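Take a look at the letters that make up each chain.
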Amino acid sequence: MILAVAIKQVPNLTDDLEISADGTGLDYDALTYVLNEFDEQALEEAVLVKEAAGGSVTVVGIDTTGELDGALHTALAKGADRAMKVTGDFDRDLGSEGQAQLLAEAIRPLAADLLLTGVQAADDRDGQIGPRLAALLGWPYVGVVTHVTPEPGCVRVHKEYAGGLLAEFVVTLPAVIGVQASHQPPRYAPVSKIRQIAKTAQIESVAGQGTPASSSSVRRMFKPEAAGQAEMWAGEPEEVAGKIATLLTAKGLLKL
Amino acid sequence: MSNDILILAEHLNGKLADITNEMAGQARQLAGALGGQAVAVLLGSGAQALAESIGSDRVLYIDDPALAEFNPEAYARVLAAVVAQRQPRVVMLANSSVGMDLAAGLAVTTGLPLIAYVNALSAEDGRIVATSQIYGGKILAEAVPAGEACLVTCLAGAFRPEAGRAAAAVERIASPAPLDGLKVQFVRLIEPEAGDVDITQQALLVSIGRGIGGAENIELAQELAEALGTVVSASRPVTDAGWLPKTRQVGKSGLTVKPKVYLAFGISGAPEHLEGMRGAELIVAVNTDPKAPIFDVAHYGATCDILDLLPALTERVKSDT
Amino acid sequence: MAVGLDKVKPEAITEERQLIVDGMDISGHWNRMFEQRVIWDYDTSQLDRVTDLPGGESLAWCYGCAKCTGVCPVDIVGDYSPRKIHRKTQMGIDLFESPDLWLCTTCRNCLRVCPKEVDMIQIMPAVREQAVLAGSVPAELQKAFEDTAKHGNPLGQPQRKRADWIKKAGAPVPVLKDVKRPVDLLWYVGSYPSYHPRGIDAAAAAARIFHALGVDYGILGIEEKDDGDSQRLAGEKGLFEMLAEANIAAFEKYTWNRMVVTGPHEFNAFKNEYPKLGFVRPIVHYTRLLVEYLDRLRPMLTKPLNLKVTFHDPCYLGRHNGEYDAPRQLLRAIPGVELVEMGRCRENGYCCGGGGGGMWLDSFTKAHTTMRLSERRVREAVEYGADVLAVCCPFEVSRFEDAAKSTGHDRLIVRDILELLDQALEGQP
Ligand SMILES: Cc1cc2nc3c(=O)[nH]c(=O)nc-3n(C[C@H](O)[C@H](O)[C@H](O)COP(=O)(O)OP(=O)(O)OC[C@H]3O[C@@H](n4cnc5c(N)ncnc54)[C@H](O)[C@@H]3O)c2cc1C
Ligand code: SF4
Ligand code: SF4
């Protein structure tokens, strides 16, 4: 089975995020980047499928940061066979809309049977990449998947709903699957191995055609009111209980 | 183009998801401002009663045996056809397991802009403005679509459901798109295994620390968790003492959790514990010591005795639901 | 007379196969080894897998004298020692997959007594490296590796906040990037003193003491990264090398005479491991540095503490690097401190359990031992009547404070020597 995995880097959320001077984006130069955690799961599921059914895994990403090589080397150390990056003069905040267009062009020639990607990312302001890719490629899509089992000509997947309820689907290939969690925790890539691969591995480079425009724009970016120190509730346990109940209701966690 | 707001009604196992009426309420407000109607679209089979329980202005109920269960491919076909026919200003979907499968694909097939993770939606001088909660809730982004119309996926709990309670006129139609030759086949629903508790998968956690005092009080927390439909997690001393299994431990040497709400009861907030729960969207801490470091990371706090609070909250939850 | 005894002929020195006295066989035959036991009785392939690794060779040298078992800190709370590892491996147990692989804290007490120089400090990292490469790492440890790789510290805190602690120092802390001149001392602060609240307390105390003494120093601030040595001992050699390269580059950017280090693990790394990568410079642990300043420091220590203090020797300062006296000299210099020694001290000091990756194997170790090493140690401190357990390793404050709570000895105070000195310093509240 020819597997492809679409990955992207997202800002490291343990850092403080700062708003840019013009107030419509982040201060991108001050950011450090990590691989989208759901893409890590997608990669693991792809490697598990390869281990079960044979074949190869190609990892593809758009190099918006100039630092994608590190993520690709890690992917190779975890069991991917090929690594590709789409290069060009891209904005750091190139959205899912633009990334999906570039990725679709890069993925089409691979003649993949199955494309896995993270179900979402922390910066998907304009929606998830997976369903966009599926629509562009004309393939079916199922997301929020926690288990992929390869079968001849198709994959059997478990999709998760709220409360842990699962639905099983059979999806004809080629298809795109949005992975929520791999069925085993992502393996660790020892730095020794990554460093060794970084010395020898070939990363295939594809020039991205143009800079895709976005059909929506951010006019203001801001931080929610600072947390930092808790707002204290005074009063008797009954009153505090009432406040907690109100909060849970507002969060949609208490069904009236 | 119309000024209607289309809502994709969401239902599972014969129950309407709460978010549907949350969106319906917001859609009516927005439609009112734009001079259109809030139209819910419900896809299903034999689901007339569900359609009638939606609080939008109108409900379009598309009945087809192929729509008996959620199928992303079938839903995508039907929705694309409905959007093409009705030309709404805004299509609202839930940012849920269902909505996330559809919205971005629909954006490609309809050519409409999509704004995701939306927790606020309004019209300013006839233009749609949507606020996305991104970067794990650390940043809000106010965005405008390039054209007049757009798609949005909405976060659960962002809008008030009360406004969406009035029943609407239901128009029942056949599927506007062919539903044969689907490449995605629904097989079955699988209920979560009982007893197999995974605290990392919960949207809400009742978490207790050494402040619980002893094994005999664990029940107070269990009762609350049960009433809330979730489970109890804990700091290390509680699992160390064997009051709860090790699989419930949050922290450096336990599990890392990121629920929507983390209720920290009688937990001091040692760095090793914080490491495992700092990523929660909202943290509420109750601890008799007002100087406990947990209050540095919590959003809300109270200093009452958890042995009083736990039963009071359980009582409250039971009477509310 | 018992049946058969008449057959014994001393001049012939024969031995009866069976000798029954009052119905009991006293010949000892059943209990005697008549043939030499030979190693070929075993399939040694598991042992060979270990001894074939560079660094793993010495496990084969064990001759089973059991001196190590008597001193291994893990054996006191479990079932462990090089002898036991050797024997189990010889019997065919796969060390690469066994929980035993992760229990050794590389405390070096066994090597101190072993006549055959069976060296767990070499064996463990060698075998663990293979396990890490094969992907079998306990989850907690894997998380610490990932955090260190991503953030430059095992606590998973942002690199950009590594110097934020200086706001709490209560004394100016020069950062080399800003001072723009050569300094006498480069102070390597370390990850726990930079991020852990109790580590920050010690770092802040050090900053105030250095300031009071007029020490000419600077820190690297956000250019500093974890030393990586404990990760190396836990099997992640590549991570160690990556961090070491980054640290060495940062060290060499500035001009300084000597490096002072807060933690014994880091001290050991820079003194004994970084030289293998070409970095050879004078390194001093803070306790030795302050002893050099003792003539000036002593008169400033004017506030008596009136406490019974016991001291825990860090394995990586004591056994690994032979420094036992400096910490004690500092404690004795504090007015009012009565220093009591615990039974396990100096060369035979107990281990806190944090070394060799133990810091990130808390639940794992707990599951395979009867109590945490830190809990055992805290009990010992209490047995000796101490008010204060003094330490000088940043891993230990959090471990012992937590252990004091979990064993119900909340009144035992755990302090870094830096904190005690700071408290005794004139002008401190
Ligand atoms: C290497 C290492 C790894 C560790 N890993 C973990 C880990 O994974 N997870 C973890 O949790 N800890 C971990 N710890 C332990 C950690 O350091 C703390 O000791 C622990 O988190 C404290 O748990 P606690 O907050 O429940 O207890 P305490 O710190 O004792 O706090 C109890 C709190 O309850 C409050 N309280 C008491 N009675 C009441 C009452 N009736 N009503 C309201 N409040 C009350 C008290 O004011 C106090 O703040 C680790 C420690 C080490 C050294
Ligand atoms: S001290 Fe050395 S030789 Fe003796 S049993 Fe231990 S490892 Fe073997
Ligand atoms: S190094 Fe320490 S912990 Fe490891 S086997 Fe030797 S004595 Fe035991």
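Residues numbered from 1 in each chain as written. Chains lettered and ligands numbered in written order. Predicted model: local features only at pLDDT ≥ 70, side-chain atom pairs only at ≥ 80, totals over all residues. Heavy atoms only, no water.

1. Side note on the site of ligand 2
Residue and element names in this part refer to chain C.
Next up, step 1: Contacts to ligand 2 come from 13 residues, most closely from C62, C65, A66, C68 and C114.
Next up, step 2: Listing elements by their share of the shell around ligand 2, those giving two or more residues are α2 (67–71) and α4 (82–90).
Next up, step 3: Among the residues forming the shell around ligand 2, the class breakdown is 9 nonpolar, 1 polar and 3 charged. (Near = heavy atom within 4 Å. Helix = DSSP H or I, 4+ residues; strand = E, 2+ residues; numbered from the N terminus. Nonpolar A, V, L, I, M, F, W, Y, C, P; charged D, E, K, R; others polar.)

2. Description of the site of ligand 3
Next up, step 1: Every residue close to ligand 3 is listed here: C72, P73, V74, Y80, P82, C104, T105, T106, C107, R108, C110 and M120 of chain C.
Next up, step 2: Classifying every residue of the shell around ligand 3 by side-chain character gives 9 nonpolar, 2 polar and 1 charged.

3. Some remarks on the sheet that holds strand β15 (residues 261–265) of chain B
Next up, step 1: The 6 strands lie next to each other as β13(A)-β17(B)-β16(B)-β15(B)-β13(B)-β14(B), forming an open sheet whose pairing is parallel. Two strands in the sheet have a free side with no partner beyond their single neighbour: β13 (231–233) of chain A together with β14 (231–234) of chain B. Taking each pair of neighbouring strands and ignoring which way they run, the sheet shows an average axis angle of 25°.
Next up, step 2: Here β13 of chain A pairs with strand β17 (residues 300–302) of chain B via 3 bridges, running parallel. (Pairing = 2+ DSSP bridges. Axes fitted to C-alpha atoms, helices over the stretch in contact; angles between N-to-C directions.)

4. A look at the packing of helix α2 (residues 68–77) of chain A against helix α5 (residues 191–200) of chain A
Residues and elements named next belong to chain A.
Next up, step 1: Where α2 contacts α5, the two axes come as close as 9 Å, and the packing angle between them is 110°. It follows from the interaxial angle that α2 and α5 lie roughly perpendicular. For α2 against α5, the interelement crossing comes out right-handed. For the pair α2 and α5, the contacting residues are H73, T74, L76 and A77 in the first and K193, I194, I197 and A198 in the second.
Next up, step 2: Its residues placed into classes, the contact of α2 with α5 shows 5 nonpolar, 2 polar and 1 charged. (Parallel < 35°, antiparallel > 145°, perpendicular 65-115°, else oblique. Left-handed = near helix turned anticlockwise from the far one by under 90°. Contact = heavy atoms within 4.5 Å.)

5. So, the packing of helix α16 (residues 325–333) of chain C against helix α20 (residues 417–424) of chain C
All names here are of chain C.
Next up, step 1: Running from N to C, α16 and α20 cross one another at 25°; their axes reach a closest spacing of 10 Å. Taken as axis vectors, α16 and α20 run roughly parallel relative to one another. The handedness of the crossing between α16 and α20 comes out as left-handed. For the pair α16 and α20, the contacting residues are P327, L330 and L331 in the first and I417, L420 and L421 in the second.
Next up, step 2: Here the contact of α16 with α20 is built from residues that sort into 6 nonpolar, no polar and no charged.

6. Looking at the domain arrangement of chain C
Residues and elements named next belong to chain C.
Next up, step 1: Examined at the domain level, chain C breaks down into domain 1 (39–133), domain 2 (142–293) and domain 3 (295–425).
Next up, step 2: Placing a centre on the C-alpha atoms of domain 1 and another on those of domain 2 gives a separation of 32 Å.
Next up, step 3: Counting residues at the interface gives 7 residues for domain 1 and 7 residues for domain 2.
Next up, step 4: With both sides pooled, the region where domain 1 packs onto domain 2 buries about 530 Å², and carbon together with sulfur makes up 61% of that total.
Next up, step 5: At the junction of domain 1 and domain 2, the tally comes to 0 salt bridges.
Next up, step 6: Of the residues contributing to the side of domain 1 that touches domain 2, the split by class is 4 nonpolar, 1 polar and 2 charged. (Domains from an automatic or database assignment. Buried area = accessible area lost by both parts, 1.4 Å probe. Salt bridge = Lys/Arg side-chain N within 4 Å of Asp/Glu carboxyl O.)

7. Regarding the domain arrangement of chain B
Next up, step 1: Examined at the domain level, chain B breaks down into domain 1 (5–173) and domain 2 (199–319).
Next up, step 2: Here the C-alpha centroids of domain 1 of chain B and domain 2 of chain B sit 35 Å apart.

8. Considerations on α20 of chain C
Residue and element names in this part refer to chain C.
Next up, step 1: Among the 8 residues in α20, 7 count as buried, and that is most of the element.
Next up, step 2: All buried positions along α20 are accounted for by I417, L418, E419, L420, L421, D422 and A424.
Next up, step 3: At the N-terminal boundary of α20, the capping side chain belongs to D416, with an oxygen 3.0 Å from the backbone nitrogen of L418. (Buried < 20%, exposed > 50% of the residue type's maximum accessible area, 1.4 Å probe, protein only. Polar contact = N/O pair within 3.5 Å; in protein donor to acceptor, adjacent residues only side chain to side chain.)

9. Concerning the interface of chain B and chain C
Next up, step 1: Listed per partner, the contact involves 13 residues of chain B and 20 residues of chain C.
Next up, step 2: Buried surface at the junction of chain B and chain C, both sides included, amounts to about 1,100 Å², of which 35% is carbon and sulfur.
Next up, step 3: The tally of links between chain B and chain C comes to 4 salt bridges.
Next up, step 4: Residue R372 of chain C is joined to D240 of chain B by a salt bridge in which the shortest nitrogen-to-oxygen separation is 2.7 Å.
Next up, step 5: Counting every contact that joins chain B to chain C gives 9 residue pairs in polar contact (both at pLDDT 80 or more).
Next up, step 6: It is helix α7 (residues 271–277) of chain B that contributes the most residues to the side of chain B that touches chain C, 3 residues altogether.
Next up, step 7: Partitioning the side of chain B that touches chain C into residue classes produces 1 nonpolar, 4 polar and 8 charged.

10. Quick notes on the environment of K246 of chain B
Next up, step 1: Position of K246 of chain B among the secondary structure elements: in the loop between α6 (236–240) and β15.
Next up, step 2: Judged by its relative accessible area of 36%, K246 of chain B is partly exposed.
Next up, step 3: Measuring from C-alpha to C-alpha, the distance between K246 of chain B and A264 of chain B comes to 17 Å, with 18 residues separating the pair along the chain.
Next up, step 4: Among residues more than four places away in sequence, those in contact with K246 of chain B are R236, T239 and D240 of chain B together with S363 of chain C.

11. Some details on the sheet that holds strand β8 (residues 337–340) of chain C
Residues and elements named next belong to chain C.
Next up, step 1: Taken in spatial order, the 4 strands of this open sheet run β8-β7-β9-β10, and their pairing is parallel. If you trace the sheet from one side to the other, it starts and ends with β8 and β10 (413–416), each paired once. Taking each pair of neighbouring strands and ignoring which way they run, the sheet shows an average axis angle of 35°.
Next up, step 2: Relative to β8, strand β7 (residues 307–311) runs parallel, the two being bridged by 4 bridges. By the bridge assignment, T310 is partnered in β8 with V340.

12. A short note on the pattern of salt bridges
Next up, step 1: Taken as a whole, this structure holds 61 salt bridges over all chains when the rule is applied.
Next up, step 2: The residue D16 of chain A makes a salt bridge to K161 of chain C at a minimum N-O spacing of 3.3 Å. In this pair, D16 of chain A is assigned in the loop between β2 (9–11) and β3 (33–35) and K161 of chain C in the loop between α7 (139–151) and α8 (176–179), connecting two distinct chains.
Next up, step 3: By relative accessible area, D16 of chain A is classed as partly exposed at 34%.
Next up, step 4: K161 of chain C sits in the partly exposed class, given a relative accessible area of 27%.

13. Some thoughts on the packing of aromatic side chains
Next up, step 1: The final tally for this structure, using the stated rule, is 20 aromatic pairs over all chains.
Next up, step 2: Their ring planes at 15° and their centres at 4.9 Å tell us that W233 of chain A and Y300 of chain B sit as a pair that is stacked. Here Y300 of chain B lies in strand β17 and W233 of chain A lies in strand β13, a pairing that spans two chains.
Next up, step 3: Ring geometry for F240 of chain C against Y274 of chain C: centres 5.7 Å apart, planes inclined by 75°, an arrangement best described as edge-to-face. Residue F240 of chain C is found in helix α12 (residues 237–252), and its partner Y274 of chain C is found in the loop between α13 (264–273) and β6 (283–285); the two are separated by 34 residues along the sequence. Across the pair, Y274 of chain C and F240 of chain C agree in class, each one buried.
Next up, step 4: Chaining the aromatic ring pairs together yields one cluster made of Y188, F240, F251, W256, F270, Y274 and F279 of chain C.
Next up, step 5: Over the aromatic face of F222 of chain A sits the side chain of R220 of chain A, whose NZ or CZ is 3.8 Å from the ring centroid. (Phe/Tyr/Trp six-rings, centres within 6.5 Å; stacked < 30°, edge-to-face > 60°. Lys NZ or Arg CZ within 6 Å of the ring centre and 35° of its normal.)

14. Quick look at helix α19 (residues 394–406) of chain C
All names here are of chain C.
Next up, step 1: Taking 1.5 Å of rise per residue, 13 residues should cover 18 Å, and α19 covers 19 Å from first to last C-alpha, within 8% of that figure.
Next up, step 2: Three or more residues of α19 are buried, namely P394, F395, E396, V397, S398, R399, F400, A403 and A404.
Next up, step 3: At the exit of α19 stands G408, carrying a positive phi of roughly 80°. (Expected span 1.5 Å × (residues − 1).)

15. What to know about the interface of chain A and chain B
Next up, step 1: Each partner contributes residues to the interface: chain A has 77 residues there, and chain B has 79 residues.
Next up, step 2: Buried area between chain A and chain B, both sides added, is near 6,800 Å², and the carbon and sulfur share of it is 63%.
Next up, step 3: Across the contact surface, chain A and chain B share 7 salt bridges.
Next up, step 4: In this structure, R219 of chain A engages E124 of chain B in a salt bridge whose closest nitrogen and oxygen atoms are separated by 2.8 Å.
Next up, step 5: Across the chain A-chain B interface, the total number found is 27 residue pairs in polar contact (both at pLDDT 80 or more).
Next up, step 6: Where the side of chain A that touches chain B is concerned, the elements lending two or more residues are α4 (129–137), β7 (141–151), β8 (154–160), β9 (166–172), β12 (216–222), β13 and α6 (237–250) of chain A.
Next up, step 7: Ranked by residue count, the leading element in the side of chain A that touches chain B is α6 of chain A, at 10 residues.

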